[in-house]
Amino acid sequence: NAGVTQTPKFRVLKTGQSMTLLCAQDMNHEYMYWYRQDPGMGLRLIHYSVGEGTTAKGEVPDGYNVSRLKKQNFLLGLESAAPSQTSVYFCASSYSRSKGATNEKLFFGSGTQLSVL
Amino acid sequence: RKEVEQDPGPFNVPEGATVAFNCTYSNSASQSFFWYRQDCRKEPKLLMSVYSSGNEDGRFTAQLNRASQYISLLIRDSKLSDSATYLCVVNRAGGFKTIFGAGTRLFVKA
């Protein structure tokens, strides 16, 4: 059982370049999320999805786009990378948002270290 | 002011010590509370949920005080393997607001 798989693990971009981060989960979870983690700050939600074909903005969505064409996949795109997007990106999924640890538990991918020069 | 605040540490403790972490949250509409553990350069993983009545899992005890909007995590008999960053996580009622604290770093030394 792979859980949540993210690719790539590391990437270096030049300012203005674009890229897509891939996230796949095999737990049949409805909810998927993209977070970024920066030193001294908690994880911040970029975008999320409550099901196939749906996406919504999180706390820090500017400069990012997402798509959820299939239930198991959630893609994060950077259209024109900026140095401020240098961060560690985590994809996560959960069964639902109903109250309770079983429903709300977040399963994270192993992260993508992105550097924008 | 951050919605979820934690002492960043680091906490440096010897093996066998008892250590306590605190977390405060500012939104009274928060409904679910968790502690996650994050090892260096790894993803966060759920350590335990936090209930109003308090709950224990082996050497770990979590407590919630809704009146004071305060959450705690107590680790007894610390092990070297407990060295990690501990994240306080709060879910608001309704919507999709999961707020992560910045984490408290723990180093357990032999």
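Before reading on, note that the structure itself is shown above.
Heads up: these notes are all about the structure in this document. Predicted model only: the values in this text are computed from it and were never measured.

**Description of the state of the cysteines**
Chemically, a disulfide is nothing more than a covalent bond linking the sulfur atoms of two cysteines.
Moving on, step 1. In this structure the tally under the stated criterion is two disulfides over all chains.
Moving on, step 2. Linked covalently through their sulfurs, A:Cys23 and A:Cys91 form a disulfide whose S-S length is 1.8 Å. The sign of the -75° torsion about the S-S bond sets the A:Cys23-A:Cys91 disulfide as left-handed. A residue pair is termed long-range when its members are at least 10 positions apart, and A:Cys23 in strand E3 (residues 19-25) and A:Cys91 in strand E9 (residues 87-94) qualify at 68 residues.
Moving on, step 3. Classification of A:Cys91 by relative accessible area gives buried; the value is 0%.
Moving on, step 4. A sulfur-sulfur distance of 2.0 Å marks the disulfide that ties B:Cys23 to B:Cys88. Measuring handedness by torsion sign, the sulfur bridge of B:Cys23 and B:Cys88 sits at about -75° and is left-handed. Taken as a pair, B:Cys23 in strand E3 (residues 19-25) and B:Cys88 in strand E9 (residues 84-92) lie far apart in primary sequence, 65 residues in all. Both residues of the pair, B:Cys23 and B:Cys88, belong to the buried class.

**Quick word on the packing of aromatic side chains**
Moving on, step 1. One pass over the structure, following the stated rule, counts 12 aromatic pairs over all chains.
Moving on, step 2. A ring pair is formed by A:Tyr64 and A:Tyr89, whose centres lie 5.9 Å apart and whose planes are at 65°; its orientation type is edge-to-face. Taken as a pair, A:Tyr64 in strand E7 (residues 64-67) and A:Tyr89 in strand E9 lie far apart in primary sequence, 25 residues in all. Grouping residues by exposure puts A:Tyr64 and A:Tyr89 together as buried.
Moving on, step 3. A centroid spacing of 6.5 Å and a plane angle of 70° characterise the contact between B:Phe34 and B:Tyr36, whose relative ring orientation is edge-to-face.
Moving on, step 4. Connected via pairs of aromatic rings, a cluster forms that spans A:Tyr33, A:Tyr35, A:Phe90, A:Phe108, B:Phe34, B:Tyr36 and B:Phe100.

Scoring rules and cut-offs
- The written sequence of each chain sets the order in which its residues are numbered from 1.
- Lettering for chains starts from A, numbering for ligands starts from 1, and both go in the order in which the items are written.
- Selection of residues for local features in this predicted model requires a pLDDT of at least 70, selection of side-chain atom pairs for listing and counting requires 80 or more, and totals for whole chains, interfaces and linings are taken over all residues.
- Based on all heavy atoms of the structure, the side-chain values leave hydrogens and waters out of the count.
- Defined by distance alone, a disulfide is two cysteine sulfur atoms within 2.5 Å.
- Segments assigned H or I by DSSP are reported as helices when at least four residues long, segments assigned E as strands when at least two residues long, and all are numbered from the N terminus.
- Type-normalised accessible area, obtained with a 1.4 Å probe on protein chains alone, sets the label of each residue: buried when under 20%, exposed when over 50%, and partly exposed for intermediate values.
- Two aromatic rings from Phe, Tyr or Trp, using only the six-membered ring of Trp, form a pair when their centres are within 6.5 Å; if the ring planes differ by under 30 degrees the pair is stacked, by over 60 it is edge-to-face, and anything between is tilted.

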